[in-house]
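# Residue-level structure breakdown
Chain by chain, the residues:
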Amino acid sequence: MAKQGTTSHPAGTAWELALPEWDPSGPRRAQLEAALRTAIRDGRLGAGARLPSSRALAAQLGVSRRLVVEVYDQLGAEGYLRAARGSGTRVAAGEGGGGADPGPPPPEPLLYPDTGISLFPGAPDLSLFPRRAWSRALRRAVAELPDARLGYGEFAGTTELRVALAEHLGRIRAADAAAGRIVVTAGFQQGLRLFCGIVRDRGGARIAVEDPGYQLSAWTIETERLEAVPIAVDGDGLDVEALAAADPDAVVVTPAHTLPTGAVLAPERRRALVGWARERGALVLEDDYDAELRYDRRGPAGTLQGLAPDVVVLAGSVSKTLAPALRLAWLCLPPDAVAAATIARAGLDGGGPRFDELALADLIASGAFDRHLRAARAHNREKRAVLLEALAAAMPDARVRGIDAGLHVLLELPPGVDEAKVIAGAAAAGVRVQGLADFTRARPGPPALVLGYGLPSIRDLREAVEVIASAAAASRE
């Protein structure tokens, strides 16, 4: 029997069938009946799956239409199939999938759960996404992009987006940016992978990471066959003396707003870090994590890259300012690293989503992105104030750490309160939180919670604080 189509079909999509080869020694009708019964029993054809018309299946298999009609009639009489005018022949309800392994359940959506309240950090309020402005920009991109630009190419990203990003980063972040030194990536993690490749190509094997810090960065470095070297972070940011003593080949740092401590890299440490990188011949990846969400001043502090574009790679994205689903990020690179990053980007996936890149360029150039940022800052500033007010009332002996920025705060728990017990107690009441222990690699920190306030509503924030306070009190008993 000729093999056609795919090997499995969710309900309503079985337009072609993957069936065994014909056995020349046996009758084809019996073989087709047996193949369809097996596909239904094994779950490859689930309940409600639509089969091809008798004419289409006959043409696909090279048999007469009458043979297919007889097979459908027989399986219908056996209860495997049902036919209805206007909806074709389908697998009967209750049939299919009985012997199929459903596989593991999907991962639990920690950042955006269907139920309960999530205070996981790094989750922006997706209701703020500027749908109308984005739709208008996307429609313009689809309408105006010439046919010639629908092919492969533009591996570093569309020229329009790289020009727009260079202007935006120079104006908003005081970066030393130029369109020719920007490579657009599919999210920060892909940019980090490109950075790892540059370090490896230069003979490096060890990349330092902040501790406590963003663990996914360390894991990504390790999957790229490099060593992630934890370096302590305190109230002034990364400990540059400890970095120099560890002598890595590169470092990933978040100077504008560290996750989870909320610290800012102090000016003297910025200068020391640049000096170390130049003297060591090392590279610095500046993760500009939620740097544009600063509430205690008119705008965010300037980038480290603006001080030393020869040794600092600036990495940014719109995951916190627009939406993670866009998968739009960028690297602003030293001139001697652009070619390698572009070639590596092409090798990963052949370039990014051109229409989305053009839409983002439109948002930036038109000023719509700036307007959205102002609205997002005001919205998140209010949420942060509500969270701090609720914490002060419910947990006056706890201490909040971190500057007035971003989408999270670090809550140091009172003496005698057990971090793990608070997390478990809150989870039992439907509130998901993370502890400082989730962000450490080399050394334990004080009992603390990392509370994200971007996603929950103001009402949910207040409710979550009450739950956390109760769990903290219970952990002392």
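This text follows the structure it describes.
### So, the sheet that holds strand S16 (residues 448-452)
One key point about sheets: their strands pair by backbone hydrogen bonds, in either a parallel or an antiparallel sense. Pairing is antiparallel in the open sheet, where four strands are placed in the order S12-S13-S16-S15. The sheet terminates laterally at strand S12 (399-401) and strand S15 (434-435), the two strands that pair on one side only. Pairing analysis gives two bridges linking S15 to S16, with the strands arranged antiparallel. Bridge pairing in S16 links Gly435 to Leu449. Sheet strands in contact with helix H13 (residues 419-428) are S15 and S16, and its direction is about 40° off that of S16.

### A closer look at the sheet that holds strand S7 (residues 237-238)
Strand order in the open sheet made by the eight strands is S4-S11-S10-S9-S8-S5-S6-S7, with mixed pairing throughout. In this open sheet, the two strands that pair with only one neighbour each are strand S4 (182-185) and S7. Of the pairings in the sheet, the one linking strand S9 (residues 283-287) to strand S10 (residues 312-317) comprises four bridges and is parallel in character. Bridge pairing in S10 links Asp287 to Ala315.

### Description of the packing of helix H1 (residues 28-42) against helix H3 (residues 65-77)
Contact pair H1 / H3: the axes reach a minimum separation of 10 Å and the direction vectors enclose 45°. Put simply, H1 runs oblique to H3. For the pair H1 and H3, the sense of crossing is right-handed. Residues Arg28, Arg29, Leu32, Glu33, Leu36 and Arg37 of H1 form the contact with H3, whose own contacting residues are Leu67, Val68, Glu70, Val71, Tyr72, Gln74 and Leu75. The residue inventory of the contact of H1 with H3, partitioned by class, reads seven nonpolar, one polar and five charged.

### Let's talk about H3
Here H3 is 13 residues long and its end C-alpha atoms lie 18 Å apart, about the 18 Å a rise of 1.5 Å per residue gives. Of the residues making up H3, those classed as buried are Leu67, Val68, Val71, Tyr72 and Leu75. One side of H3 carries all its buried residues, which in axial view fall inside an arc of 135°. Within H3, the exposed residues directed more than 90 degrees away from the buried face are Arg66, Asp73 and Ala77. Where H3 is buried, its residues meet H1, helix H2 (54-61), strand S1 (81-84) and strand S2 (88-91). Of the residues one or two after H3, Gly79 is the one with positive phi, at around 90°.

### A closer look at unusual backbone geometry
Working note: non-glycine residues mostly have negative phi, and peptide bonds are mostly trans. The residue after Asp211, namely Pro212, is reached through a cis peptide bond having omega 5°. Cis geometry marks the peptide bond from Leu259 to Pro260; its omega dihedral reads 15°. Among the secondary structure elements, Pro260 is positioned in the loop between strand S8 (250-253) and helix H9 (267-280). Despite not being glycine, Glu154 has its phi angle at roughly 50°, a positive value. Of note, Glu154 is situated in the loop between helix H4 (131-144) and helix H5 (159-173).

### Let's talk about the nonpolar core
Core analysis: the largest hydrophobic core is formed by 30 residues, its most contacted members being Met395 and Leu451. Where this core is concerned, the elements lending two or more residues are helix H12 (368-394), strand S13 (408-412), H13, S16 and helix H14 (458-475). Ranked by the residues each element gives to this core, the list is headed by H14, at eight residues. Once residues lying within four places of it in the same chain are set aside, the contact partners of Leu451 are Leu119, Leu387, Leu391, Leu407, His408, Val409, Leu411, Val433 and Ile468. In terms of nonpolar packing, the next biggest core, distinct from the first, is built from 28 residues, Leu165, Leu169, Trp330 and Ala361 among them.

### Quick look at the side chain of Gln31
Within the element layout of this structure, Gln31 appears in helix H1. Among the polar contacts made by the side chain of Gln31, one reaches the main-chain amide nitrogen of Asp23 at a distance of 2.6 Å.

### Comments concerning the packing of helix H11 (residues 354-366) against H12
In contact at an axis separation of 4 Å, H11 and H12 are set at 80° when each is read in the N-to-C sense. On the basis of the axis angle, H11 is roughly perpendicular to H12. Taking contact as the criterion, the partners of Leu363, Ile364 and Ser366 in H11 are, on H12, Ala368, Phe369 and Arg371. Residues belonging to the contact of H11 with H12 are distributed by class as follows: four nonpolar, one polar and one charged.

### Here's the deal with a positive patch on the surface
A cluster of like positive charges, contributed by Arg132, Arg136, Arg139, Arg371 and Arg374, occupies part of the molecular surface. At the level of secondary structure, the elements contributing two or more residues to the positive patch comprise H4 and H12. The element contributing the most residues to the positive patch is H4, with three residues. Tracing the sequence through the fold places Arg371 in helix H12.

Reading the values: rules and limits
Residues numbered from 1 in each chain as written. Predicted model: local features only at pLDDT ≥ 70, side-chain atom pairs only at ≥ 80, totals over all residues. Heavy atoms only, no water. Pairing = 2+ DSSP bridges. Helix = DSSP H or I, 4+ residues; strand = E, 2+ residues; numbered from the N terminus. Contact = heavy atoms within 4.5 Å. Axes fitted to C-alpha atoms, helices over the stretch in contact; angles between N-to-C directions. Parallel < 35°, antiparallel > 145°, perpendicular 65-115°, else oblique. Left-handed = near helix turned anticlockwise from the far one by under 90°. Nonpolar A, V, L, I, M, F, W, Y, C, P; charged D, E, K, R; others polar. Expected span 1.5 Å × (residues − 1). Buried < 20%, exposed > 50% of the residue type's maximum accessible area, 1.4 Å probe, protein only. Arc of directions from axis to C-beta. Core = buried A, V, L, I, M, F, W, Y, C linked by side-chain atoms within 4.5 Å. Polar contact = N/O pair within 3.5 Å; in protein donor to acceptor, adjacent residues only side chain to side chain. Patch = residues over 30% accessible without salt bridge, like charges linked within 9 Å, V, L, I, M, F, W, Y side chains within 5 Å. Areas by Shrake-Rupley, 256 points an atom, 1.4 Å probe, with all protein chains shown as cover. Salt bridge = Lys/Arg side-chain N within 4 Å of Asp/Glu carboxyl O. Lys, Arg positive; Asp, Glu negative; His and termini not counted. Charge placed at Lys NZ, Arg CZ, Asp CG, Glu CD.

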